Amino acid sequence: MSGQDDSLHIDVPVELDEVNVVFSVASLSFEGDMPAVLLHAGLALADAAEWQVQPHVVIVFHTNAGHATLDDPTYNANRHVATGNPYKAVIVELARKGAQVELCGATANAMGWGNADLIPGIKINRNAMARLVQRGYVKISES
């Protein structure tokens, strides 16, 4: 030990009056075994709670990441596994904390998925590209 303080010191503090963020998730990248978007959305929600502001956090899964929104039977059939959707519990918890989780309608249509194939509470939007340019949101692409 050098005798120096090894604790984390925040050099650039950030506190926002509002949190308006939409995550564009076309493919899954990982922090360990967890899709990074789920970790990052959780951080945005935790920050909003700390700042005591209403979060407007939207996670839009599309293209090669759409399967993350599927219920267990549909996930198993789509991914050729018998484990169920490993991301379901985290997605449900993020939604409980205020995130809106969506699936691109164009992706759902291309894959033959309907609302009944999704984790309960997930919404289908018209298409990801239209959703991602809505006014007032900052787009974060997870790849």
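Basis of the calculations
- Per chain, residue numbering runs from 1 following the sequence as it is written.
- Totals for whole chains, interfaces and linings use every residue, but because this is a predicted model, local features are given only for residues with pLDDT of at least 70 and side-chain atom pairs only at 80 or more, for both listing and counting.
- Only hydrogens and water are removed before side-chain values are computed, so all heavy atoms of the structure are retained for them.
- Secondary structure elements are taken from DSSP: a helix is a run of H or I of four residues or more, a strand is a run of E of two residues or more, and numbering for both begins at the N terminus.
- Throughout, exposure labels follow a simple rule: accessible area from a 1.4 Å probe, protein chains only, divided by the maximum for the residue type, with under 20% read as buried, over 50% as exposed, and the rest as partly exposed.
- Contacts were defined at the residue level, with two residues in contact if any of their heavy atoms lie within 4.5 Å.
- A 1.4 Å probe and the Shrake-Rupley method give the accessible areas. Residues count as covered only by the protein chains that appear here.
- Residues enter a nonpolar core if they are buried and are Ala, Val, Leu, Ile, Met, Phe, Trp, Tyr or Cys, with the set joined through side-chain atoms within 4.5 Å.
- Here a polar contact is recorded for every N or O atom pair within 3.5 Å, except that within protein the pair must consist of a potential hydrogen donor and a potential acceptor, and residues adjacent in sequence are included only if both atoms are side-chain atoms.

S.K.: Sorry, what's going on with the overall build of the protein here?
M.R.: On a plain count of helices and strands, the protein comes out with five helices and seven strands. If you list the helices and strands of the protein from N to C, you get β-β-β-α-β-α-α-β-α-β-α-β. Buried positions account for 39% of the 143 residues belonging to the protein. Once local pairs closer than 6 in sequence are excluded, the contacts in the protein between residues at least 24 apart make up 66%. For the protein, the accessible surface area stands at approximately 8,600 Å², while carbon and sulfur atoms represent 51% of it.

S.K.: Help me understand the nonpolar core in this model?
M.R.: For soluble globular proteins, the rule of thumb is that nonpolar side chains tend to be buried together. The biggest cluster of nonpolar side chains holds 31 residues, and the ones touching the most others in it are Phe23, Val25, Val57, Ile59, Phe61 and Ile91. Where this core is concerned, the elements lending two or more residues are strand E1 (19-25), helix H1 (36-51), strand E4 (55-61), helix H3 (88-96) and strand E5 (100-104). Looking at this core, the element that brings in the most residues is H1, giving seven residues.

S.K.: When you look at the side chain of His62 in this model, what are you seeing that I'm missing?
M.R.: Secondary-structure assignment places His62 in the loop between E4 and helix H2 (72-79). His62 sits in the buried class, given a relative accessible area of 5%. A distance of 3.0 Å separates the side chain of His62 from the side chain of Ser24, its partner in a polar contact.

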